[in-house]
Structure formats: C-alpha cells, structure tokens
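Here's the letter readout for the chains.
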Amino acid sequence: MLKRLHIRTLSLCLMLIVALAASAQRGQIADRLNKNGQVTVDAPKELVKRNNANLNKPQSSKDKDKKVKEKDKKKAENVNEDEKLNELDEDTTKEDKKKDEDKKKEEEKKREEITPKKPKLKHTSQQTIEDRSVGFRIQAYSDNNYKTAKASAQKRARDIAMKFPQYRSYISYKAPSWRLRIGDFKTRGEAQAALARIKKVYPNFAREMVIVRDRINIWSND
C-alpha cells in the first residue's frame, strides 16, 4: 500500500514538473494544432515586436542621402546613354549628308562631262576687220534642201565651235544651197592643219569637208 502511494506521489511530482516546463515554454513559443493535426509555431512576442519596431523605425538621414545619390546616379547614367545615342544619331546623319553631297557632286560632274560647255572664243566682239584678202577656208557643209539645210548648217557650226572656238564659222546662202565655211586661213598649209584636227574630232563630217579658196577677213589681232 505504502509502495503504491509512493509511486503516485512521484508521478504527481513529475507531472507538475512537466506542466511548469510547458508553461515556461509557452511564454516564448506558442504551439497550435490545426485541423489537420499539424503543429504551427509562432515566433516569440518579443521578436515580433522587435521586427515591427524595425519596420516602423524612421529612416536615418544617411540612408535617405544614400538613396538620393543612387537615384541621381541612375539618372545621370540614363542621361549619358541618351547623349551617346543622340551623338550616334548625329554622326549617322552627318555621314548620310556627306554621302548625299558626294553623290550629287558625282552626278554634276557626269552631267558636265556629257553636256558640252560653251566655247571660250578666242575672238571677241571688240575685234574689228582691218582688211579683206584672198585666202583659204574649210567648207564643212553644203546642201540645197530648203527645208533643212539652214538649220543643219547652224547645228554643225555650233558643234565645231564647241571644240574649236578659235575658228570663226560663216554661214551663207548661194542659190540654191546653204553652206558652212570655217576659218580665215592665209595659207593652204594653215587650212590643211586645221582640217586634220577637225576631221579627227568629227570623223562623220570628214567626207564633206574640203579646203576652198575664198575671200577671208583679216582681224585686228591676227
């Protein structure tokens, strides 16, 4: 009997110790059983309060300055990137403009090569005829077609003047033909040298061109 009482007493003491330990732990960690029988552990109240206090704690001026500096740095980086992009766009635009200008210059050069320039005449309106004498001229065209002969003679005179502005052209009509004669050559040798140069440039006119004896003009600077 005594032995049983002694065992019960010990059991009660152990239960009290366990209960006291459990109550002490409840102050720090709260255990909960959910519907599924799982245990959820809550953080100690002191820790929760401390975390909340840290969240609600106002930021220091150093932290604010640091954040402001970071924002300013990001803004500056963005501005620099925009400036770089603008510079690249400007460089590209300049290159495109230069290419367009070079292209225009090439086109103008080609156009100038194709388009004959106006002849720089050796003779001027200030020159006067001092005398007339017998000499030689090159007959470059002669035709009796009353519809086209005059225009053809004028066109050929312009063509020859483009390459040989030093030689004067004379268009005249002697029934029934219009004719074109070139130059005022005092000797046949001068006329032959000029004829060879003109034939070389205008081989299509070669068959029609001949040297003829004619009355020529003696100009003031000749």
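What counts, and where the lines are drawn
- Residues numbered from 1 in each chain as written.
- Predicted model: local features only at pLDDT ≥ 70, side-chain atom pairs only at ≥ 80, totals over all residues.
- Heavy atoms only, no water.
- Pairing = 2+ DSSP bridges.
- Helix = DSSP H or I, 4+ residues; strand = E, 2+ residues; numbered from the N terminus.
- pLDDT = per-residue confidence, 0-100.
- Contact = heavy atoms within 4.5 Å.
- Patch = residues over 30% accessible without salt bridge, like charges linked within 9 Å, V, L, I, M, F, W, Y side chains within 5 Å.
- Areas by Shrake-Rupley, 256 points an atom, 1.4 Å probe, with all protein chains shown as cover.
- Salt bridge = Lys/Arg side-chain N within 4 Å of Asp/Glu carboxyl O.
- Lys, Arg positive; Asp, Glu negative; His and termini not counted.
- Charge placed at Lys NZ, Arg CZ, Asp CG, Glu CD.
- Buried < 20%, exposed > 50% of the residue type's maximum accessible area, 1.4 Å probe, protein only.
- Phe/Tyr/Trp six-rings, centres within 6.5 Å; stacked < 30°, edge-to-face > 60°.
- Lys NZ or Arg CZ within 6 Å of the ring centre and 35° of its normal.
- Axes fitted to C-alpha atoms, helices over the stretch in contact; angles between N-to-C directions.
- Polar contact = N/O pair within 3.5 Å; in protein donor to acceptor, adjacent residues only side chain to side chain.
- Core = buried A, V, L, I, M, F, W, Y, C linked by side-chain atoms within 4.5 Å.

Got a sec to walk through the pairing of strand E4 (residues 169-174)? Specific residues and values, please.
Pairing of E4 with strand E5 (residues 177-185), which is carried by six bridges, proceeds in the antiparallel orientation. Of the residues in E5, the one forming a bridge with Tyr170 is Arg181. Between E4 and E5, which pair antiparallel and follow one another directly, the connecting turn spans two residues.

Lay out the confidence of the model for the protein with the relevant residues and their values.
In this model, the protein carries a mean pLDDT of 76, and residues with pLDDT of at least 70 account for 64%. Here strand E1 (residues 30-33) is the element of the protein with the lowest mean pLDDT, 46, and helix H5 (residues 188-201) is the one with the highest, 95. Residue range residues 27-33 is modelled with pLDDT below 50. Its contacts to residues more than four positions away, or to other chains, number 17 contacts. Here residues 114-121 is modelled with pLDDT under 50, and outside its nearest four sequence neighbours on either side it reaches eight contacts, counting other chains as well.

Describe a negative patch on the surface, naming the residues involved and giving the relevant values.
On the surface, Glu95, Asp96, Asp100, Glu101, Asp102, Glu106, Glu107 and Glu108 cluster together into a patch of negative charge. Along the chain, the position of Glu107 falls in helix H3 (residues 61-114). Exposure remark for Glu107: the relative accessible area of 39% places this residue in the partly exposed category.

Outline unusual backbone geometry, supporting the account with residue identities and numerical values.
Looking along the chain, the bond that leaves Ala175 and enters Pro176 is cis, with omega of 5 degrees. Along the chain, Pro176 falls in the loop between E4 and E5.

How would you summarise the packing of aromatic side chains if you had to cite specific residues and measurements?
A complete count under the given rule lists four aromatic pairs for this structure. Plain terms: the ring middles of Tyr173 and Trp178 are 5.0 Å apart, the flat faces sit at 45 degrees to each other, and that makes the pair tilted. Ring-pair connections join several aromatic residues into one group, and the members of that group are Phe164, Tyr167 and Phe185. Directly above the ring of Phe205 sits Arg156, whose terminal nitrogen or CZ lies 3.9 Å from the centroid. Of note, Arg168 hangs over the ring of Trp219, and the distance from its end group to the ring centre comes to 3.7 Å.

Report on the sheet that holds E5, specifying residues and quantitative values.
The antiparallel open sheet is built from four strands, whose spatial order is E4-E5-E3-E6. Each edge of the open sheet carries a strand with a single partner, namely E4 and strand E6 (210-219). Across the sheet, the mean angle separating the axes of adjacent strands is 40 degrees when strand polarity is ignored. Relative to E6, strand E3 (residues 129-143) runs antiparallel, the two being bridged by ten bridges. Along E6, the bridge assignment pairs Ile138 with Ile211. Against the sheet, helix H4 (residues 149-163) contacts E3, E4 and E5, and its axis sits at roughly 115 degrees relative to E3. Sitting on the sheet, H5 is in contact with E3, E5 and E6, with an inclination near 35 degrees to E3.

Talk me through the side chain of Asn217; I want residue IDs and the actual numbers.
Of note, Asn217 is situated in strand E6. A polar atom in the side chain of Asn217 sits 2.4 Å from the side chain of Arg132. A polar contact is formed between the side chain of Asn217 and the side chain of Tyr170, at a distance of 3.2 Å.

So what about the nonpolar core? Which residues, and what values?
Among the nonpolar cores identified, the biggest contains 21 residues, and Ile138, Ile182 and Ile198 are the most heavily contacted of them. Elements that contribute at least two residues to this core include exactly E3, H4, E5 and H5. Ile198 has contacts with Ile138, Ile160, Phe164, Tyr167, Ile182 and Met209, leaving out every residue within four places of it along the chain.

Residues and numbers for the pattern of salt bridges, please.
All chains considered together, the criterion is met by five salt bridges. The residue Asp184 makes a salt bridge to Arg137 at a minimum N-O spacing of 2.8 Å. One end of the pair, Asp184, is in strand E5; the other, Arg137, is in strand E3, and 47 residues separate them in sequence. The class of Asp184 is buried, set by a relative accessible area of 18%. Measuring nitrogen to oxygen at the nearest pair gives 3.2 Å for the salt bridge that ties Asp159 to Lys155. Of this pair, Asp159 and Lys155 both sit in helix H4, four residues apart, which is roughly one turn of that helix. What makes Lys155 partly exposed here is its relative accessible area of 47%.

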